[in-house]
Every structure is written in structure tokens, then in C-alpha cells.
Amino acid sequence: MATLDVAAGSPAALPCSVEPPDALRAWGWDAERAVEFEPLAEAGLWPARVAAQHRGLWLVVGARGEAFASPTGRLRHRADEGDLPSVGDWVGCVSSPHDGEARIDLVLARRSMFRRKAAGSRLAAQVVAANVDTIFVATSLNGDLNERRLERYVAMGRESGAEPVVLLTKADLADADARDSAVRLETELRVHVIALSSRTGEGLDSVSRWFAAGKTLALVGSSGVGKSTLLNRLAGQELMVTREIREDDGRGRHTTTHRELFLLASGALVLDTPGMREFGLWDAEDGVDDTFAEIVEIAVGCRFADCSHKFEPGCAVQAAAARGRLDQARLKAYRRLARELADQPKPATRREKDRQFGRAVRNASAERMARKRYPG
Ligand SMILES: Nc1nc2c(ncn2[C@@H]2O[C@H](COP(=O)(O)OP(=O)(O)OP(=O)(O)O)[C@@H](O)[C@H]2O)c(=O)[nH]1
Ligand SMILES: [Mg+2]
Ligand SMILES: [Zn+2]
């Protein structure tokens, strides 16, 4: 990728104006962000968006183009892991007086963040995509369709503050049964579900309305479901390498290994991500409840407020399940996810901070949120 000389040279050459320059606007910068950034510009920072992340180095796009940047020591020390810059983040950069290189000094308030529990046994969140308007959860119709996994992604998508949309890929390989699942999933998960094929082009019209100029969309899901293929098809060129999945287990081979944000000709910004082997929930009580609304509605009638819907007397959910009014598999999945969240002890302070964020993005518009955090 061509790296323009954004940071080198004298800082005076860098734009600090709050007028959104076209180059920044193309990457999603707007008037709210400009107001938010005013005091930072006065302090000598310049705005940029994180377009890619490779171990220890961040590719940022500023008004003058792209540059590689690393966080300042100040940001590294201050930040929890989840506060370090992630792809999609808007950041305030400085140009080092020593080498002219760009350094990321702070991360602007996120309007949305799609997270998961960091892989492995660590108790930490990983931000997969920041400041995204739509999370496309991709799963393929040729045998990959796993409702339990979809529920996880959709719950975290809801929690992120972005709109989750389910993409059922490889529709050209699907039989009638698989296609029927689109309708059922839409009712159960209460999200848009779109069957599409990057091979035949079926369904691409239906997703195009999300690909509006200035909107940021992220593609997430397991390896091999066709995320990069869809990106390439929409872009009309090979932006990301794609590869045949292994024939033996159809589970893909992790072709994409880094996250990257692309600006398409339509003006939409698309973030491609590597397939995730593990997708653990993180702080998503509300997202889970919204994803299992039919159960939560019935649970209002349980005798105990903290009912686990397993063995308690007066459990309305058990009663409904016994009468066949609830899908047993969904109930089991709901209990499992609720338990997974309950088993995640977290420091009280961070928990409160995270919850405030979740509530704020759900209740307030993204714009109001930005203003609250950075009073102009
Ligand atoms: N039949 C069919 N094959 C597809 C379609 N979309 C993608 N594929 C194939 O699926 C395989 C995997 O596609 P990728 O786009 O690399 O998958 P990915 O989701 O980006 O995978 P990771 O980067 O590993 O996360 C490739 O061989 C694609 O050609 C489709 O709509 N129909
Ligand atoms: Mg890929
Ligand atoms: Zn109950």
C-alpha cells in the first residue's frame, strides 16, 4: 500500500483546521467530530482514522493521506487494552519533533464498538471494530449455519451500538431448507437477514442500501464464509486476497490475517476482518436480552427477579417451555450465554464505565454522545 508522507516535515505543514477537509470527510469525518476536535487541534493534534492494524503499527489516514503511526508512551501507559486504537477509531496524532513520524496520542470517543472477549483465557475485551454503523455478521449457507454462533454475534452487535445485520453467504450453494432459515432467523433474532451470493450476484442489491457514502460497515464471522470475496465483489477489484476453503471440513483456513478499512467507490467504508475461531461474549447482558426477547418477555412473570429459569418455583419460562410455547434450544442457548456473562468477574469501576457506555449508545444518538464526551 502506498504510504503518503502525512507526518513528515514541519508540523506547521499539517492541517489543524476544524473545517472538515474532503479527504477526512471521505473517511467518515463529520461536523460533530470537527467540533469535538477543535480544542485538540489547538493543542497541536491532527485528526486521522485508523485504517489498519499490523502488530504494533497502525495505519492512519489523515487529511494528507496515509501514514504508519504508533501510540505515544502516554497513550500506552494510560490505556487499558480496550482503549488502545483499533481499526475504525478516530485518533488525535502528533508529529514527533525528533523523527517527524506520526504518533497517536489519543483515541476519540467511540460512537460504537464491536467487541469480543479476547481469545484464550485472558479476561479482557478486544475491540474488533470501532465507529461502525452496521455490523454484517456473515455465515455461509453451505453447512456453516450455526444459530448458536449467530446469536452470540448478534448479541455483541446489538451491544456495540451499531446495527447488526445477518448475511447468509454462498446462497448459490444453498438448498431450499437452508433458504427457509433466513425467514425464521429474522423473526427470532429480530434483525435483517439477507441471503446473497458473491458468485451469482444474488442479494447484492438488497445490501446496497447500507453501503451509503460516509457509512462504515464491518464484515465479521467465521473464516471461509466469504467476507473478503464480498468486499472484493462490491469494490469491483481484489482488495483482499481470498482462498479456497479446505474441502475436508469446509471450515476455511484463515486467509485474512489483519483488519483493514477500505473506502469504496460508492463512498462506503468497509472493514474486513479475519475469521474468528473463538467468539466470547463480553459485557453484553442487554444485547443478549434483546436477542432473546421472547424469553425475556415471559421471564417478567417469574416469581424471582434473578430466576435462572432452571429449577426455581414459580418460573414462568419453565412453564411456557413445558407448554411448548418456547423453543427449548433457544432457552438453553439463552441460559448458557447468561451464565457465561455471569462468570466474568470484572473490577467494579470498569464495569460501571462499560455499562455507562452501553447505555449511552443505546439511549442517545451517536452525535449527542460525542458532544457529551468532548464539550466543544
Ligand atoms: N460458491 C460460492 N463461493 C464463495 C462465495 N463467496 C465466497 N466464496 C468462496 O469461499 C472461499 C472463502 O472466501 P473468503 O472470501 O476468502 O472467506 P473469508 O470469510 O474472507 O475468510 P477469512 O479471511 O479466512 O476470514 C473462497 O474460495 C471463495 O471463492 C459465494 O457467494 N459462492
Ligand atoms: Mg477474508
Ligand atoms: Zn424463571
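Everything numeric in this text was worked out from a predicted model, so none of it was measured. (Residues numbered from 1 in each chain as written. Chains lettered and ligands numbered in written order. Predicted model: local features only at pLDDT ≥ 70, side-chain atom pairs only at ≥ 80, totals over all residues. Heavy atoms only, no water.)

> What am I meant to see in the confidence of the model for the protein here?
Predicted coordinates in regions of low pLDDT should not be interpreted in detail. With 82% of its residues at a pLDDT of 70 or more, the protein shows a mean pLDDT of 84. At the low end of the mean pLDDT range in the protein sits helix H13 (residues 366-373), at 38; at the high end sits strand S13 (residues 269-272), at 97. Long-range and interchain partners of residues 1-19, a stretch whose pLDDT sits below 50, account for 36 contacts in this model, where long-range means more than four residues apart. In the predicted structure, residues 363-376 sits below a pLDDT of 50 and forms 21 contacts with residues beyond four places in sequence or in another chain. (pLDDT = per-residue confidence, 0-100. Helix = DSSP H or I, 4+ residues; strand = E, 2+ residues; numbered from the N terminus. Contact = heavy atoms within 4.5 Å.)

> Teacher, can you tell me more about the site of ligand 1 here?
Taken together, 23 residues lie near ligand 1, and Asp172, Ser223, Thr229, Thr255 and Thr256 sit nearest. Within the backbone of Gly226, an N or O atom sits 3.0 Å from an oxygen atom of ligand 1. Coverage of ligand 1 by the protein amounts to 95% of the 660 Å² it exposes when considered alone. Residues that form the shell around ligand 1 fall into these classes: four nonpolar, 13 polar and six charged. (Near = heavy atom within 4 Å. Polar contact = N/O pair within 3.5 Å; in protein donor to acceptor, adjacent residues only side chain to side chain. Areas by Shrake-Rupley, 256 points an atom, 1.4 Å probe, with all protein chains shown as cover. Nonpolar A, V, L, I, M, F, W, Y, C, P; charged D, E, K, R; others polar.)

> How do you make sense of empty space enclosed by the protein when you look at a structure like this?
Empty space left among the atoms is revealed by rolling a probe the size of a water molecule over them. Following the criterion strictly, the structure yields four cavities of 30 Å³ or more and no others. Computed from the structure, the second largest cavity encloses a volume of approximately 40 Å³. What lines the second largest cavity is Val137, Ala138, Thr139, Asn146, Arg149, Leu150, Tyr153, Gly221 and Ser222. Within the residue set of the lining of the second largest cavity, elements represented by two or more residues are strand S8 (134-140) and helix H4 (147-160). Considered class by class, the residues forming the lining of the second largest cavity number four nonpolar, four polar and one charged. (1 Å grid on protein atoms, 1.4 Å probe; cavity = no way out; pocket = protein on both sides within 12 Å on 5 of 7 lines; lining within 4 Å. Points joined across faces, edges and corners; volume = space filled by probe spheres on them.)

> Mind showing me how you'd approach the coordination of the zinc ion (ligand 3) here?
Geometry sets the ideal angles at a metal, namely 109.5 degrees for four tetrahedral donors and 90 or 180 degrees for six octahedral donors. Protein coordination at the zinc ion (ligand 3): the donors are Cys302 (SG), Cys307 (SG), His309 (ND1) and Cys315 (SG), at 2.2 to 2.4 Å from the metal. Coordination geometry of the zinc ion (ligand 3): the four donor atoms subtend angles of 101 to 120° at the metal centre, consistent with an arrangement described as tetrahedral. One chain supplies every donor for the zinc ion (ligand 3), spaced along it as C-x4-C-x1-H-x5-C. In this pair, the class of Cys307 matches that of His309, namely buried. (Donors = N, O, S within 2.8 Å, 3.2 Å for Na, K, Ca; no water. Tetrahedral: all angles 85-135°; square planar, octahedral: opposite > 155°, others 65-115°. Buried < 20%, exposed > 50% of the residue type's maximum accessible area, 1.4 Å probe, protein only.)

> Explanation requested: the coordination of the magnesium ion (ligand 2) in the structure shown.
Surrounding the magnesium ion (ligand 2) are the protein donor atoms Ser228 (OG) and Thr256 (OG1), which sit 2.0 to 2.1 Å from the metal. Note that Ser228 is positioned in helix H7 (residues 227-235) and Thr256 in the loop between H7 and strand S12 (259-263), a separation of 28 residues in sequence. There is no split in this pair, since Ser228 and Thr256 are both buried.

> Explain unusual backbone geometry here, please?
Working note: non-glycine residues mostly have negative phi, and peptide bonds are mostly trans. Positive phi values are uncommon outside glycine, yet Asn131 reaches one of about 55°. Its location among the elements puts Asn131 in the loop between strand S7 (125-130) and S8. In this model, His309 sits at a positive phi of 60°, which is unusual for a non-glycine residue. Position of His309 among the secondary structure elements: in the loop between helix H9 (293-299) and helix H10 (316-322).

> How do you make sense of the packing of aromatic side chains when you look at a structure like this?
Remark: the centre distance and the inter-plane angle together describe each pair of aromatic rings, the angle taken between the planes. Scanning the entire structure with this criterion turns up seven aromatic pairs. Between Trp29 and Phe37 the ring centres are 5.7 Å apart and the planes differ by 75°, which places this aromatic pair in the edge-to-face class. Both residues of the pair, Trp29 and Phe37, count as buried. Here the aromatic residues Trp29, Phe37 and Trp90 are joined through ring pairs into a cluster of three or more. Here Arg209 stacks its cationic end above the ring of Trp210, 4.0 Å away from the centre of that ring. (Phe/Tyr/Trp six-rings, centres within 6.5 Å; stacked < 30°, edge-to-face > 60°. Lys NZ or Arg CZ within 6 Å of the ring centre and 35° of its normal.)

> What is the right way to read the pairing of strand S11 (residues 216-221) from this model?
Walk down a regular strand and you will see the side chains alternate between the two sheet faces. Counting buried residues along S11, six of its six residues qualify, which places the element largely inside the surrounding structure. Going residue by residue along S11, you find Thr216, Ala218 and Val220 tucked away on one face and Leu217, Leu219 and Gly221 tucked away on the opposite face as well. Sheet analysis places S8 next to S11, joined by five bridges and oriented parallel. Bridge pairing in S11 places Ala138 opposite Gly221. The pairing of S11 with S13 spans four bridges and is parallel. When the sheet's bridge partners are listed, Leu217 is paired in S13 with Val270. (Pairing = 2+ DSSP bridges.)

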